[in-house]
Amino acid sequence: MRHLFEKRHATPGTAPGTLRAPSERRVEEVAVRVLHYGPDLCDETGLATPADLEPWLDRLAAAEPGDSVTWIDIVGLHDLDLLTRLGRAFGLHSLALEDVLNVGQRPKVEEFADHLFCALRCFHRHGGELGSEQITLFLLPGVVLTFQEIHGDAFEPVRERIRRGTGRVRRAGADYLAYALIDAIVDQFFPLLEGLGERIEVLEHELVDEPGPKTLEAIYHLRRELVGLRRAAWPEREVVSTLQRQETALVQDETRVFLRDAYDHVVQVLEILETYRELAGSMLDVYLSSISHRMNEVMKVLTIIATIFIPLTFVAGIYGMNFEHMPELGWRWGYPAVLGAMTAIGLALLWYFRRRGWL
Amino acid sequence: MRHLFEKRHATPGTAPGTLRAPSERRVEEVAVRVLHYGPDLCDETGLATPADLEPWLDRLAAAEPGDSVTWIDIVGLHDLDLLTRLGRAFGLHSLALEDVLNVGQRPKVEEFADHLFCALRCFHRHGGELGSEQITLFLLPGVVLTFQEIHGDAFEPVRERIRRGTGRVRRAGADYLAYALIDAIVDQFFPLLEGLGERIEVLEHELVDEPGPKTLEAIYHLRRELVGLRRAAWPEREVVSTLQRQETALVQDETRVFLRDAYDHVVQVLEILETYRELAGSMLDVYLSSISHRMNEVMKVLTIIATIFIPLTFVAGIYGMNFEHMPELGWRWGYPAVLGAMTAIGLALLWYFRRRGWL
Amino acid sequence: MRHLFEKRHATPGTAPGTLRAPSERRVEEVAVRVLHYGPDLCDETGLATPADLEPWLDRLAAAEPGDSVTWIDIVGLHDLDLLTRLGRAFGLHSLALEDVLNVGQRPKVEEFADHLFCALRCFHRHGGELGSEQITLFLLPGVVLTFQEIHGDAFEPVRERIRRGTGRVRRAGADYLAYALIDAIVDQFFPLLEGLGERIEVLEHELVDEPGPKTLEAIYHLRRELVGLRRAAWPEREVVSTLQRQETALVQDETRVFLRDAYDHVVQVLEILETYRELAGSMLDVYLSSISHRMNEVMKVLTIIATIFIPLTFVAGIYGMNFEHMPELGWRWGYPAVLGAMTAIGLALLWYFRRRGWL
Amino acid sequence: MRHLFEKRHATPGTAPGTLRAPSERRVEEVAVRVLHYGPDLCDETGLATPADLEPWLDRLAAAEPGDSVTWIDIVGLHDLDLLTRLGRAFGLHSLALEDVLNVGQRPKVEEFADHLFCALRCFHRHGGELGSEQITLFLLPGVVLTFQEIHGDAFEPVRERIRRGTGRVRRAGADYLAYALIDAIVDQFFPLLEGLGERIEVLEHELVDEPGPKTLEAIYHLRRELVGLRRAAWPEREVVSTLQRQETALVQDETRVFLRDAYDHVVQVLEILETYRELAGSMLDVYLSSISHRMNEVMKVLTIIATIFIPLTFVAGIYGMNFEHMPELGWRWGYPAVLGAMTAIGLALLWYFRRRGWL
Amino acid sequence: MRHLFEKRHATPGTAPGTLRAPSERRVEEVAVRVLHYGPDLCDETGLATPADLEPWLDRLAAAEPGDSVTWIDIVGLHDLDLLTRLGRAFGLHSLALEDVLNVGQRPKVEEFADHLFCALRCFHRHGGELGSEQITLFLLPGVVLTFQEIHGDAFEPVRERIRRGTGRVRRAGADYLAYALIDAIVDQFFPLLEGLGERIEVLEHELVDEPGPKTLEAIYHLRRELVGLRRAAWPEREVVSTLQRQETALVQDETRVFLRDAYDHVVQVLEILETYRELAGSMLDVYLSSISHRMNEVMKVLTIIATIFIPLTFVAGIYGMNFEHMPELGWRWGYPAVLGAMTAIGLALLWYFRRRGWL
């Protein structure tokens, strides 16, 4: 969960558009992968060094716009030089470039003169801990640029579809690729939600069977994760909704139908999150009520035992006194009489408890 | 409740429009039933095998649009072949077909070039457990296609009305049939709500009479079901509202009046759900307060008994000590004096408790 | 409160527009009362049997529209025949007629070709129990039709104003009559709200003086009634607001000013309800806190007494042991020394409690 | 607080526009004060009896509209005759006149053909109790009419500004006077809010130092007052907002800038109220938690003492039994051995409590 | 936190536009600093006395509008004379000038004929206490006026950027300067939020490890600060949003892109605040549950010990009675038999507790 509330700004008041690498370097080496494809073409290159990108950029500038799409995927954000070169080559806005590096960015979409910029958040779970990375995406005519913080597998299924040529992706344009990547990020939520759903069910059983401080911690932890996921999912809903309705030549009408589908998915994610949140809230109430009820049971046992035996012990104490002149002590039937009186007191108290509904 | 949070996606990132059967096969055999009717005509056929649908499709393609309506009702979703054939025959959009199989779909309506697609959720209670199925519906000119997950009786009353020719249904078009089916699904909520209302009343009595951990579990269970029903009812409200107001040639103006009526019903369902939710929330508060109050009563009894007898027992303990030089022990009226002192202490404490309002 | 959540539908899936009498017959005989009035005319007739209505209907059909207004008021809903005849005579929409009988209807207004239909809910309190009835109203040119479930006095003041000719009602048209009736129904809320306000004040005193399970039940009961009233008042606000702004020839501009006044009343009802709801919510919190605080007081007394005397009793117990070799027992000042030690222990504990702020 | 939920209607169903004096007469005598002013003119007259108003009305009717403004301020509402005369003289709408007397009116603004009507609520604190009065205002060309329930000082600063000629008021028109009066009413909230803020701070200290049932009552009382103030402030926000934006010739554009300023003040009042409400809600939570924590402390002391001494007392009890054959009693070192065993048990229990973190 | 709820008005009803110095003088001397810059020019002057401003104003009036921008920054608000002179020199609206001095102002933006006025709130933490000051800003063609309550460092980074000529600021106009200042104020939130985030994490650990009254106080304090920050951040969001979209010649289109960026920052601030608020709310619930659970543990230990030993002590008490005729006392195996019975009772009770799950 550490990464849900990331440090966002170095110092307040710095000039907007200043590029500064994120404080934490999450991959060793910046990796660049170029995928150039069209209906009958699929050329995938992993560049040895970021410097190898130069010839690609030249080729792209020389090429005339056609059916083919170029997807440049960069993993790792600490090579400011590469970013500056890409910014210059594609004419990217300096504020958008700054946002690529601001890894605590709120998901958003922004339209600039000739390109669209999207910032999204992608979650994954490593060893129980929920982590996240910021993924940013530029959509230009015929070109998609993506920036990831760490190596992950969110984009692998899309890459696979392009390689195999399944679905529409090879025949469609760069906007469809952007849609497919955003949809892949949104889809990452579903396995997480399933995992959370299972944890909720486990917690529900724990609540009934043996609630304890661990249950409490688990409920709080769950709520915290739901808060974090929700904080990312709400603006992603806006992102997809804006993309679908925005008047921009970069997104074609055929792609909008698919974006509507992606929108349905985000809304579904949000509804499940809200449902989980409500259940988590109920669980805390139930926990508290359950603890109170248990305490009540404990108290009743204590009260019954103590209330019966404390007066009896007092009676025994009286006849344990050492006064010389205690006539009862000499009576023949004193002992049985006292035992009888004690039994009577005990039974009367039991009858009283039963009448109050404690037994 | 298992089916409220269904697994939705096989793997994140698969191509949109890919058909994949739901993981759980909820009926043994896919059943297809065709109902062809008009003002003076009602022809109902249960097809032996899905393959028998072919001649019907040919006949439909050949027929010229007239007054008659064809309703093809399919129960069971695992025959992908049938679905593909239907999709091709009626020109259904691939995203809509995919949604037919995504049984955890959020209720929605989507308009495509020449057909409308609705996904709805239908609830039923089997042996105490609340279950649900997804029902999808395509509205085309003169044709309605419906897909159900399991055999149920939601559509039976409509079928009966068509058979008997009661109401407007035989004289109206396919849009009225679609309305009647949606209305039948919405109406399924009412008996469920009545059942929940009765459970709420039972719980209210339990709360007053003898609240216990079972009451708590029942309240939580109730809330969980309300959350699930509400999650389905809200988007169904949107579905009916969209259908009523959407500018589409597929829905005639006369039918819109009826959709307004169906809309009133969904809104009523939602309001009852909200009311129940608020009551369920209050009940948890009352439960907690009631437990606390009972604990208070228990504590008061314990405190009164213990506070009276503990000091008295101490006094008895003093005179039970075996010191050789305890002059009181030899006094003639020592014993009665101690008994009197004890009575006085007891009465003083009782008076104190009465003044504090504990008796 | 039984009538707040009424059974609404006979069976899901029945054809819309089917007339079916409500399950419960709340008056013995259906009563019809016709009031025909104009600026200089007031003719009131209670019909012996519903069949006597026929000549009235004929006369109405023959009359030419003028200044006079006819108000037909029907109490009791189980005469389907009468309803059908009225529907035919005035051309009422079948969905509206069905809603007259659906007594669990949500308050609403619907405009049809040449008439307006309103459903409203009217509350009254009989012997402590909050009851309600549905009142439906048709507004046609020169005619107002009202249907009530039970004999009540909501409309009596309006009838009285017509008889006496006070206010504008005799000079105004049917729309003003409809307004006056709706306003009378809305005004029924005010005495109820006053009663609730008084109960809130009583509860506030109980909370401070002697909160108990009865207080808790009363708070829950209060909340339940507020939920029920609110569920009716929100849609009635919509009804009046729609009537005021709707573009319909049936409502004249002069009447709209009065509807704005009625609208203010409904909004006021809603605000008072919200205020009461918030206070009721606070009261539950205060109840819980108050119980907790009292328990704390009880515990403190128990703890002080027990903590002082339990160790002292232990000391007495030691010297009550019967060992042969207990040198202290033979000491001359053993007994006074032990008594002194006990006093010292007791005082030390008292000092400790005072330091902790428990005394 | 008695006046927050005032009785509003005499009887449901009375004709709208009927004048009826409020049930409670809050001043002895109706006082009328006329202030006639212009840039170079300020004429203030307190009328001996309401009947003296007649010549003023005649003069006003005769005067031609110019720069001068007449403000008629009436304190006390039980002179229906005066009200009727004013209504006739200025052509006031009967519904507005009725609202002048309905002292439980929701704050609102209404535009009639040639005059504006505002109802506002003004709070003041007398001897700890929060009271309120309704202030109504009519704005006509060149004339402002105000009605107050009781003598108060809300308008005095405005009157003073007119007398002294400070600010714009003498040079501006009747609309500016109306603004100044409304602004004066809104400003009345600020000292109240300051007082509430101070009470919140006192309560915060009490919560930490010595929370008790008085704190609880004070928090509830605070919430109740916040609810009442908020119920008045929300519609006053609407009033000012409507006045500022409404298309009416009665309010000039220069005055709208000032109304925008008044609007900012109301919004600020509302935000402070919301903030206070949230703090009050938190305080109740903190109170409950604090009580629970204190009870926990009390319980721990009781448990430690009881758990240590109850077993020891039992041991002492064993050797206090009077069996003839108890060999330990005759042992030489029996007594010291038992004392040692008791010390060991006590130390073991102390060690256990320390390990659990109770000491 | 003292400064979150500042006294706002001297006396209700004073004339709008009256200048009155704030009640608290937060700096000793009013400091004026003038910064005149353009693409190739940067002239910074700290004026010795406010009177030295006069020549600057003359020069400004004489200069013809060009590329250069003049920023006059005033720290300290008690020099009413200076304010009046500035107001006259730049034609500032009297209501805006009054708002400069109303230091409890709600953040807002107002457009006047030829200048824009913004009020903002800037937070800083001194020695653990959260303080705030109001910063107001006038934007005129080529001129920016800012008023601060205290010396702070919010604007220092912007001043530094102007001096060094980094970023766009020297080449852009007065509107960009205004943007840069507002952005600097918004950015002040981020270090505060980080600090709060760290406190939340510390509290989360405390909750698990050793919750106590200090934790409770810290949570309440946190909530209070969140409430205060949120109350300022919401209207600041509106301010930036209005500036970005308002149709005014004072803000150029290039600057709007940057304002959109600032808007994103404010929204992010708000979302983090909401997230923190939700976590703080959860923490209180967890605290209460945790306390309850601990009390339950304490009670269980007490109950187990007391329930086992109280009956045993009673048995010992019986045989400590001094009756002459107690046959058991004379039996040879009486003592061992009683010891055996006691052990049996103890074991039975232990078995019972284990069955109830208390051990």
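This structure is a prediction, so every number in the text was calculated from the model and none was measured. (Residues numbered from 1 in each chain as written. Chains lettered and ligands numbered in written order. Predicted model: local features only at pLDDT ≥ 70, side-chain atom pairs only at ≥ 80, totals over all residues. Heavy atoms only, no water.)

Notes on the packing of aromatic side chains
Part 1 of the argument: Counting across every chain of the model gives 55 aromatic pairs over all chains.
Part 2 of the argument: Centre to centre, the rings of Phe-117 of chain C and Phe-138 of chain C are 5.0 Å apart; their planes meet at 45 degrees, and the pair counts as tilted. Note that Phe-117 of chain C is positioned in strand S5 (residues 116–126) and Phe-138 of chain C in strand S6 (residues 129–140), a separation of 21 residues in sequence.
Part 3 of the argument: On the accessibility criterion, Phe-117 of chain C (0% relative accessible area) is buried.
Part 4 of the argument: Residue class for Phe-138 of chain C comes out buried when judged on its relative accessible area of 0%.
Part 5 of the argument: Residues Trp-71 of chain E and Phe-155 of chain E carry aromatic rings whose centres are separated by 5.8 Å and whose planes lie at 65 degrees to one another, so their mutual orientation is edge-to-face. Separated by 84 residues along the polypeptide, Trp-71 of chain E in strand S3 (residues 69–75) and Phe-155 of chain E in the loop between strand S7 (143–148) and helix H4 (156–164) bring together distant segments of the chain.
Part 6 of the argument: The class for Trp-71 of chain E is buried, based on a relative accessible area of 1%.
Part 7 of the argument: Accessibility expressed as a relative area gives 1% for Phe-155 of chain E, which makes it buried. (Phe/Tyr/Trp six-rings, centres within 6.5 Å; stacked < 30°, edge-to-face > 60°. Helix = DSSP H or I, 4+ residues; strand = E, 2+ residues; numbered from the N terminus. Buried < 20%, exposed > 50% of the residue type's maximum accessible area, 1.4 Å probe, protein only.)

Examining the sheet that holds strand S1 (residues 31–38) of chain C
Residue and element names in this part refer to chain C.
Part 1 of the argument: As summarised here, the arrangement of the seven strands in space is S2-S1-S3-S7-S6-S5-S4, forming an open sheet in which the pairing is mixed. Where the open sheet ends on each side, the last strands, each with one partner, are strand S2 (41–47) and strand S4 (108–111). Sheet twist, expressed as the mean angle between neighbouring strand axes with direction ignored, is 15 degrees.
Part 2 of the argument: Sheet topology places S1 next to S2; seven bridges connect them, and they run antiparallel. Opposite Leu-35, over in S2, you have Glu-44 as the bridge partner.
Part 3 of the argument: Against the sheet, helix H2 (residues 80–90) engages S1, strand S3 (69–75), S6 and strand S7 (143–148), with an angle of about 160 degrees to S7. (Pairing = 2+ DSSP bridges. Axes fitted to C-alpha atoms, helices over the stretch in contact; angles between N-to-C directions. Contact = heavy atoms within 4.5 Å.)

Looking at the domain arrangement of chain A
When the parts come together, some accessible area is lost, and that loss is often what is quoted as the size of the interface.
Part 1 of the argument: Segmentation of chain A into domains returns domain 1 (31–289) and domain 2 (292–355).
Part 2 of the argument: Between domain 1 of chain A and domain 2 of chain A, the C-alpha centre-to-centre distance is 73 Å. (Domains from an automatic or database assignment.)

Considerations on the arrangement of the chains
Part 1 of the argument: These two, chain A and chain D, are apart from each other, with no contact and a minimum C-alpha gap of 9 Å.
Part 2 of the argument: You won't find any contact between chain B and chain E; their C-alpha atoms come no closer than 9 Å.

Observations concerning the interface of chain C and chain B
Part 1 of the argument: Taken together, the 64 residues of chain C in the interface contact 66 residues of chain B.
Part 2 of the argument: Together, the buried faces of chain C and chain B total about 5,600 Å²; carbon and sulfur atoms form 65% of this surface.
Part 3 of the argument: One salt bridge connects Arg-260 of chain B with Glu-110 of chain C, and the closest N-O pair in it is separated by 3.2 Å.
Part 4 of the argument: In this assembly, chain C and chain B are joined by 16 residue pairs in polar contact (both at pLDDT 80 or more).
Part 5 of the argument: Listed by contribution, the elements that provide at least two residues to the side of chain C that touches chain B are helix H3 (94–101), S4, helix H7 (213–245), helix H8 (253–318), helix H9 (327–330) and helix H10 (334–355) of chain C. (Buried area = accessible area lost by both parts, 1.4 Å probe. Salt bridge = Lys/Arg side-chain N within 4 Å of Asp/Glu carboxyl O. Polar contact = N/O pair within 3.5 Å; in protein donor to acceptor, adjacent residues only side chain to side chain.)

Regarding the relation of the copies chain C and chain B
Part 1 of the argument: Relative to chain B, chain C is turned by 72 degrees and slid 0.1 Å along the rotation axis, the superposed coordinates differing by an RMSD of 0.1 Å. Here the two chains are linked by the operation of a five-fold rotation axis. Proximity to the rotation axis, assessed at the C-alpha, singles out Gly-320 of chain C in chain C; its C-alpha lies 4.5 Å from the axis. (Least-squares fit on C-alpha atoms with pLDDT ≥ 70 in both.)

Re the pairing of S3 of chain C
All names here are of chain C.
Part 1 of the argument: Of all seven residues making up S3, seven are buried, and the element is well covered by its neighbours.
Part 2 of the argument: Sheet analysis places S1 next to S3, joined by seven bridges and oriented antiparallel. Counterpart to Ala-31 in the pairing with S3 is Val-75.
Part 3 of the argument: In this structure, S3 lies alongside S7, joined through six bridges in parallel fashion. If you follow Val-75 over to S7, its bridge partner there is Gln-148.

A word on the relation of the copies chain E and chain A
Part 1 of the argument: In the superposition of chain E on chain A (RMSD 0.1 Å, axial shift 0.0 Å), the rotation amounts to 72 degrees.
Part 2 of the argument: A different interface surface on each copy is seen, since only 18% of the contact residues of chain E are contact residues in chain A too.

What about a nonpolar patch on the surface?
Part 1 of the argument: Together, Leu-347, Leu-350 and Leu-359 of chain A make up an exposed nonpolar region whose accessible area comes to about 280 Å².
Part 2 of the argument: In this structure, Leu-350 of chain A sits in helix H10 (residues 334–355). (Patch = residues over 30% accessible without salt bridge, like charges linked within 9 Å, V, L, I, M, F, W, Y side chains within 5 Å. Areas by Shrake-Rupley, 256 points an atom, 1.4 Å probe, with all protein chains shown as cover.)

Some remarks on the packing of helix H8 (residues 253–318) of chain B against helix H10 (residues 334–355) of chain B
Geometry of a packed helix pair, given as the angle between the helix axes and the separation of the axes.
Residue and element names in this part refer to chain B.
Part 1 of the argument: Interhelical geometry of H8 versus H10 gives an angle of 160 degrees and a closest axis separation of 10 Å. Taken as axis vectors, H8 and H10 run roughly antiparallel relative to one another. H10 is crossed by H8, and the crossing has right-handed handedness. Contacts between H8 and H10 pair Thr-303, Ile-304, Thr-307, Ile-308, Pro-311, Leu-312, Val-315 and Ala-316 from the former with Val-338, Met-342, Ile-345, Gly-346, Leu-349, Leu-350 and Phe-353 from the latter. (Parallel < 35°, antiparallel > 145°, perpendicular 65-115°, else oblique. Left-handed = near helix turned anticlockwise from the far one by under 90°.)

Thoughts on the interface of chain E and chain A
Part 1 of the argument: Taken together, the contact pairs 66 residues of chain E with 64 residues of chain A.
Part 2 of the argument: Carbon and sulfur atoms supply 65% of the area that chain E and chain A bury against each other, a total of about 5,600 Å² over both sides.
Part 3 of the argument: Its largest share of buried area at the contact with chain A, chain E owes to Phe-314, Phe-323 and His-325 of chain E, together 11% of the area lost on that side.
Part 4 of the argument: On the surface where chain E and chain A come into contact, there are eight salt bridges.
Part 5 of the argument: The element that contributes the greatest number of residues to the side of chain E that touches chain A is helix H8 (residues 253–318) of chain E, accounting for 37 residues.
Part 6 of the argument: Looking at the side of chain E that touches chain A, its residues break down into 33 nonpolar, 18 polar and 15 charged. (Nonpolar A, V, L, I, M, F, W, Y, C, P; charged D, E, K, R; others polar.)

Observations regarding helix H10 (residues 334–355) of chain E
Part 1 of the argument: The terminal C-alpha atoms of H10 of chain E, which comprises 22 residues, lie 32 Å apart, in line with the 32 Å expected from a rise of 1.5 Å per residue.
Part 2 of the argument: Turning to H10 of chain E, its buried residues are Gly-334, Tyr-335, Val-338, Met-342, Gly-346, Leu-349 and Phe-353 of chain E. All buried residues of H10 of chain E fall inside an arc of 110 degrees around its axis, so they share one side. Facing away from the buried surface of H10 of chain E by more than 90 degrees, the exposed residues are Leu-347, Trp-351, Arg-354 and Arg-355 of chain E.
Part 3 of the argument: Looking at the buried positions of H10 of chain E, the neighbouring elements they touch are helix H8 (253–318) of chain A, helix H8 (253–318) and helix H9 (327–330) of chain D together with H8 and helix H9 (327–330) of chain E.
Part 4 of the argument: Looking one or two places after H10 of chain E, you find Gly-357 of chain E, whose phi comes out positive at around 80 degrees. (Expected span 1.5 Å × (residues − 1). Arc of directions from axis to C-beta.)

Considering the side chain of Lys-300 of chain D
Part 1 of the argument: In this structure, Lys-300 of chain D sits in helix H8.
Part 2 of the argument: Accessibility expressed as a relative area gives 16% for Lys-300 of chain D, which makes it buried.
Part 3 of the argument: Filtering out sequence-adjacent residues up to four positions away, Lys-300 of chain D remains in contact with Gly-357 and Trp-358 of chain D together with Val-298 of chain E.

Brief notes about the confidence of the model for chain A
All names here are of chain A.
Part 1 of the argument: Confidence in the prediction of chain A, expressed as mean pLDDT, is 86, and 96% of residues score 70 or more.
Part 2 of the argument: Least confident of the elements in chain A is helix H1 (residues 53–62), whose mean pLDDT is 79; most confident is strand S7 (residues 143–148), at 94.
Part 3 of the argument: Model confidence for the complex: the whole-complex pTM is 0.81, and ipTM, which rates the interface, is 0.76. (pLDDT = per-residue confidence, 0-100.)

Side note on empty space enclosed by the protein
Part 1 of the argument: Taken as a whole, the largest cavity spans an internal volume of roughly 290 Å³.
Part 2 of the argument: Lining the largest cavity are 20 residues, and of these Ser-292 of chain A, Ser-292 of chain B, Ser-292 of chain C, Ser-292 of chain D together with Ser-292 of chain E lie nearest its centre.
Part 3 of the argument: Of all the secondary-structure elements, those providing two or more residues to the lining of the largest cavity are H8 of chain A, H8 of chain B, H8 of chain C, H8 of chain D together with H8 of chain E.
Part 4 of the argument: Residues that form the lining of the largest cavity fall into these classes: 15 nonpolar, five polar and no charged. (1 Å grid on protein atoms, 1.4 Å probe; cavity = no way out; pocket = protein on both sides within 12 Å on 5 of 7 lines; lining within 4 Å. Points joined across faces, edges and corners; volume = space filled by probe spheres on them.)

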